[in-house]
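Next come the chains, spelled out residue by residue.
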Amino acid sequence: MHRRRRTALVLSAAIAAAAPLLTACGSDAHPGAAAVVGGQRITVAQLEGRVNEVRRAQQAAVPDESQYQQVLASTSSLTRDTLHNMVLDRVLHRAAQDEGVTVSRKELQLMRTSLEQQAGGAKALETAWLQRYGVAPQRLDDNLRVQLEAQKLAQKLGTDTSTPAFWKVLSAASTELRVDLNPRYGSWDVEKSGRVDAKTPWVREVTSSGTQQQTT
């Protein structure tokens, strides 16, 4: 097994001059919606379902009640973090589509297989993603697809995911989708690279031999 480590980085939005990726919307305008992206609602029920997936996985991984309470305390912003990830995943997907970027099933499987080998197996990888990024095991493939889309989009742009050029494309996609975020879940501050009330990990750059080259 190769000992080279995957890089796991939080995307940095170093674009003070760019337009905000997310705008706030009033819950009265979209009753029952946690966010609206491209005219499609992410309902509160859908959001709660995603959060519950993570909580169930966390509880299964940490059967000791006192330890589980510690996990709850350390992930108290899970609902808001999950919503931001759900919204930004859609923004990234639109940006990738606009640039003609696609991810094949083979590419996804190559990445997952390589990551599983480095982590020590499928279960170990699922546990790592759950603990580090709050990704439930059944959402792992979806998350890895996002990573590949981000890498391939940056590659096509001739840049990497930390640059203004990359985030400018995402900002354009956000404007195109007319993203509305229910303010009860926070707001987005581009200059601070995250929500004003919490720092939200989103896309991790995960390089995989045989798929994408490591970005700088």
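Coordinates for the structure precede this section.
The following refers to the structure shown. (Residues numbered from 1 in each chain as written. Predicted model: local features only at pLDDT ≥ 70, side-chain atom pairs only at ≥ 80, totals over all residues. Heavy atoms only, no water.)

**Examining the environment of G100**
Note the threshold: Each helix is a run of H or I in the DSSP string that is no shorter than four residues. Each strand is a run of E no shorter than two, and both are numbered from the N terminus.
Mapped onto the elements of the fold, G100 is located in the loop between helix 3 (78-98) and helix 4 (105-119). Separated by 56 residues in the primary sequence, G100 and K156 have C-alpha atoms spaced 9.2 Å apart.

**Concerning the environment of R139**
Put simply, the test is: Contacts are assigned to residue pairs that have any heavy atoms within 4.5 Å of one another.
Relative to the helices and strands, R139 is located in the loop between helix 5 (122-133) and helix 6 (140-157). In this structure, the C-alpha to C-alpha distance between R139 and R50, residues 89 residues apart in sequence, is 9.1 Å. With near-sequence residues (within four places) excluded, R139 lies in contact with R50 and E53.

**Let's talk about the packing of helix 3 against helix 7 (residues 164-177)**
Put simply, the test is: Whenever a helix is involved, its axis is fitted only over the stretch in contact; in every case the axis is a line through C-alpha atoms, and angles between N-to-C directions fall within 0 to 180 degrees. Roughly parallel covers angles under 35 degrees, roughly antiparallel covers those over 145, roughly perpendicular covers 65 to 115, and oblique covers all other angles. Under the grouping applied here, Gly and all other residues not named as nonpolar or charged are polar, the nonpolar ones being Ala, Val, Leu, Ile, Met, Phe, Trp, Tyr, Cys and Pro and the charged ones Asp, Glu, Lys and Arg.
Running from N to C, helix 3 and helix 7 cross one another at 105 degrees; their axes reach a closest spacing of 8 Å. What the angle tells us is that helix 3 and helix 7 run roughly perpendicular. Here R90, V91, L92, R94, A95 and D98 of helix 3 come into contact with helix 7, specifically with F166, V169, L170, A173, S174, E176 and L177. Considered class by class, the residues forming the contact of helix 3 with helix 7 number eight nonpolar, one polar and four charged.

**Considering the pairing of strand 3 (residues 40-43)**
For clarity, the threshold we go by: By the convention used here, strands pair only if DSSP detects at least 2 bridges between them.
Here strand 2 (residues 33-37) pairs with strand 3 via four bridges, running antiparallel. Paired with A35 across the strands is I42, a residue of strand 3.

**Some details on the pattern of salt bridges**
What counts here: Between Lys or Arg on one side and Asp or Glu on the other, a salt bridge is scored when a side-chain nitrogen of the former is within 4 Å of a carboxyl oxygen of the latter. Partly exposed residues are those whose accessible area sits between 20% and 50% of the maximum for their type, while under 20% is buried and over 50% is exposed, using a 1.4 Å probe and protein chains only.
Applying the stated criterion to the full structure yields eight salt bridges. For the salt bridge of R112 with E116, the shortest nitrogen-to-oxygen distance reads 2.9 Å. One end of the pair, R112, and the other, E116, are both in helix 4, four residues apart, so they sit about a helical turn from each other. An identical accessibility class is assigned to R112 and E116; each is buried. For the salt bridge of R112 with D141, the shortest nitrogen-to-oxygen distance reads 2.7 Å. Here the residue R112 occupies a position in helix 4, and D141 occupies one in helix 6, the gap between them amounting to 29 residues. Judged by its relative accessible area of 13%, R112 falls in the buried class. Overall, D141 belongs to the partly exposed group, its relative accessible area being 23%. Where salt bridges share partners, they join R105, R112, E116, E126 and D141 into one cluster.

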